[in-house]
Amino acid sequence: MGLLDRLAPRRNDADVPASPSVSAEDPIFATKALGKFLASLTARESRVLLDLGPVVGSNVNFFGEQLGCKIFVEDIFRDLDRHVRNGTLEDLPAFLKKRFPQDSASVDGILCWDLMDYMDKPSAQELANELTRLLRPEGALLGFFANLPPRETRYTKYIIVDEVNLKHRSYDAARGRQPILLNRDIIRLFSGLRVSDSFLLQNNLREILFRKPGYLAGEPG
């Protein structure tokens, strides 16, 4: 199965950015949560994955081979950049509320990366609400959160090497990281989810794996 076969249809395929090239200079960091994210999805059938970052061809191949899943790539970093450059950040929460065409409870896994670090509070809350809506019961969401004050104005493309390693490639951003989110702030954002695992890595990145509670007994699955 080829790359384009594994990508789910987009509303505008002409807008798909090119996959980043990977250089030998890209730093590699360990990940403790990615393997658990994969494990949470392997028992499901007809899996659907939502990636909130730019298209990275090797990541699409990795998830296709590991999970055989349908992948939606919705580059919210680019949406954020556009609102910053246009001076319309106050409109971002309303935009995010209508951004995702997927049905409620239709997605098994979400790769949020470190997107929340760049959002203002109203936008972050609206995005978290939408992601919670999209997740199926027992679905998983993987998010990264900085543990140090913001420095340079750069985004990071997370390029999967294997289940325990990620390459970090920085690229230009119109908006820098916002003040760090405390654990209680993150839990409050995703109040409809529960924290399944949390790790503080040596590079001061916090990895948090969320799960959506399952159906109550007696409810249809």
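Scroll up a little and you will see the structure.
This is a predicted model, so every value here is computed, not measured.

Caption draft 1: Structural view of helix 6 (residues 121-134). In this model helix 6 runs 20 Å from its N-terminal to its C-terminal C-alpha over 14 residues, within 8% of the 20 Å that 1.5 Å per residue would give. Where helix 6 is concerned, the buried positions are Ser 123, Ala 124, Glu 126, Leu 127, Ala 128, Glu 130, Leu 131, Thr 132 and Leu 134. Looking at where helix 6 begins, the residue whose side-chain oxygen comes 2.9 Å from the main-chain nitrogen of Ser 123 is Asp 120.

Caption draft 2: Local environment of the pattern of salt bridges. Counted by the stated rule, this structure contains 13 salt bridges. Asp 79 is the partner of Arg 99 in a salt bridge, and the nearest nitrogen-oxygen pair spans 2.6 Å. Taken together, the positions of Arg 99 in the loop between helix 5 (92-97) and strand 4 (107-113) and Asp 79 in helix 4 (residues 76-86) put the pair 20 residues apart, joining distant regions of the chain. Overall, the relative accessible area of 7% leaves Arg 99 in the buried class. Close ionic contact of Arg 85 with Asp 81 constitutes a salt bridge, the shortest N to O distance being 3.6 Å. Of this pair, Arg 85 and Asp 81 both sit in helix 4, four residues apart, roughly one helical turn. Arg 85 gets classed as exposed once you look at its relative accessible area, which sits at 61%.

Caption draft 3: Structural context of the packing of aromatic side chains. In the structure shown here, the tally under the stated rule is nine aromatic pairs. Ring geometry for Phe 62 against Phe 63: centres 5.5 Å apart, planes inclined by 85°, an arrangement best described as edge-to-face. Note on Phe 62: relative accessible area 11%, which makes it buried. By relative accessible area, which is 2% here, Phe 63 ends up buried.

Caption draft 4: Examining the sheet that holds strand 7 (residues 165-172) more closely. One open sheet holds the three strands; their spatial order is 1-7-6, and the pairing between them is antiparallel. The open sheet has two edge strands, strand 1 (28-30) and strand 6 (154-162), and neither has a second partner. Going across the sheet, the axis of each strand differs from the next one's by a mean of 35°, ignoring polarity. Direction of pairing for strand 6 relative to strand 7: antiparallel, over a ladder of eight bridges. Bridge pairing in strand 7 links Thr 156 to Ser 170.

Procedures and definitions
- The residue count restarts for each chain, going from 1 along the sequence in the order it is written.
- Thresholds applied to this predicted model are a pLDDT of at least 70 for local features of residues and 80 or more for the giving and counting of side-chain atom pairs; totals over whole chains, interfaces and linings are not thresholded and use all residues.
- Each side-chain value is worked out from all heavy atoms of the structure, with water and hydrogens disregarded.
- The secondary structure listing takes helices from DSSP runs of H or I that are at least 4 residues long and strands from runs of E that are at least 2 residues long, numbered from the N terminus.
- The span one expects for a helix is its residue count, reduced by one, times 1.5 Å.
- When a residue's accessible area, from a 1.4 Å probe over protein chains only, is under 20% of the maximum for its type it is buried; when over 50% it is exposed; and in between it is partly exposed.
- Definition of a polar contact: a pair of N or O atoms within 3.5 Å, with one able to donate and the other able to accept a hydrogen when the atoms are protein atoms, and with sequence-neighbouring residues admitted only if both atoms are side-chain atoms.
- Note on definitions: salt bridges are taken to be side-chain nitrogens of Lys or Arg within 4 Å of carboxyl oxygens of Asp or Glu.
- Under the pairing criterion, centres of Phe, Tyr and Trp rings, with the six-membered ring standing for Trp, must be within 6.5 Å; the plane angle then separates stacked pairs below 30 degrees from edge-to-face pairs above 60, leaving the rest tilted.
- The pairing criterion is simple: DSSP has to find at least two bridges between the two strands.
- Simply put, an axis is a line fit to the C-alpha atoms, just over the touching stretch for a helix, and the angle between two N-to-C directions goes from 0 to 180 degrees.

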